[in-house]
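Spelled out from the first residue to the last, the chains are:
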Amino acid sequence: MSLTLILGGARSGKSAYAQKQAEQAASVSGRPPLMIATAEAFDEEMRERIDRHRADRGDSWRTQEAPLDLAAAVRDLTADDVAVIDCLTLWLSNQMLGDHDLSAAIDNLTAALAACPASLWVVSNEVGWSLVPDNALGRRFRDEAGRLNQRVAAVADSACLIVAGLKLDLHRN
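To start, this report covers the structure provided alongside it. (Residues numbered from 1 in each chain as written. Predicted model: local features only at pLDDT ≥ 70, side-chain atom pairs only at ≥ 80, totals over all residues. Heavy atoms only, no water.)

Examining the pattern of salt bridges
Side-chain pairs of opposite charge can arise whenever the charged atoms involved come near each other.
Stage number 1. Applying the stated criterion to the full structure yields 9 salt bridges.
Stage number 2. A salt bridge links R62 to D81, with the shortest nitrogen-to-oxygen separation between them at 3.4 Å. Highlighted residues: R62 in strand β3 (residues 62–65) and D81 in the loop between α3 (70–75) and β4 (82–86), separated in sequence by 19 residues.
Stage number 3. Given a relative accessible area of 4%, D81 falls into the buried group.
Stage number 4. Taken together, the shared-partner salt bridges connect R31, R62 and D81 into one network. (Salt bridge = Lys/Arg side-chain N within 4 Å of Asp/Glu carboxyl O. Helix = DSSP H or I, 4+ residues; strand = E, 2+ residues; numbered from the N terminus. Buried < 20%, exposed > 50% of the residue type's maximum accessible area, 1.4 Å probe, protein only.)

As for the layout of surface pockets
Stage number 1. Within this model, the largest pocket holds a volume of roughly 810 Å³.
Stage number 2. What lines the largest pocket is a set of 32 residues, and nearest its centre among them are R11, S15, R49, H53 and D86.
Stage number 3. At the level of elements, α1 (14–29), β2 (34–37), α2 (44–57), β3, α4 (88–97) and β5 (119–125) are the ones that each hand at least two residues to the lining of the largest pocket.
Stage number 4. Here the element with the most residues in the lining of the largest pocket is α2; it accounts for 8 residues. (1 Å grid on protein atoms, 1.4 Å probe; cavity = no way out; pocket = protein on both sides within 12 Å on 5 of 7 lines; lining within 4 Å. Points joined across faces, edges and corners; volume = space filled by probe spheres on them.)

Here is the structure:
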């Protein structure tokens with residue numbers, strides 16, 4: 001149906017925006033929205049974040065964990081589904097820290113997104129506007145995140161940037 005890429009910085013309001021859009025679409029379809037979550041709880045602080053996100057969504061949401069095989073989760077979506085992926089940069093971190101074949105994973109994911117029949121909102125961090133990281137892994141992550149966002153934007157029907165809770169529509173030239 002449609003794929004929207006939602007970009008923004010940390011705590012910009014991008015997840016809240018995606019959830020609101022999905023809830024509105026789901027109210028029309030009559031099917032509960034699906035959160036495809038990519039986070040993994042490696043420490044107590046991350047567990048608390050995940051719990052807070054679940055509580056904020058409430059019981060009307062279904063949740064599917066997809067920290068590594070996000071493409072498979074996307075391929076399982078049907079035209080009746082309304083879903084949010086939150087978020088691409090956590091998925092990218094999981095791929096990089098697991099030393100997975102990043103090129104193949106991104107190719108697989110973008111192909112799945114391009115073929116997805118669902119109404120889908122994909123959340124990702126825009127990390128290229130901050131300071132240059134002081135280490136090689138941080139710089140590689142920043143660069144790979146920028147490339148990943150470009151690849152997803154290329155297959156998306158629309159894209160927007162969320163800053164301070166405000167939406168700015170992005171357009172191709």
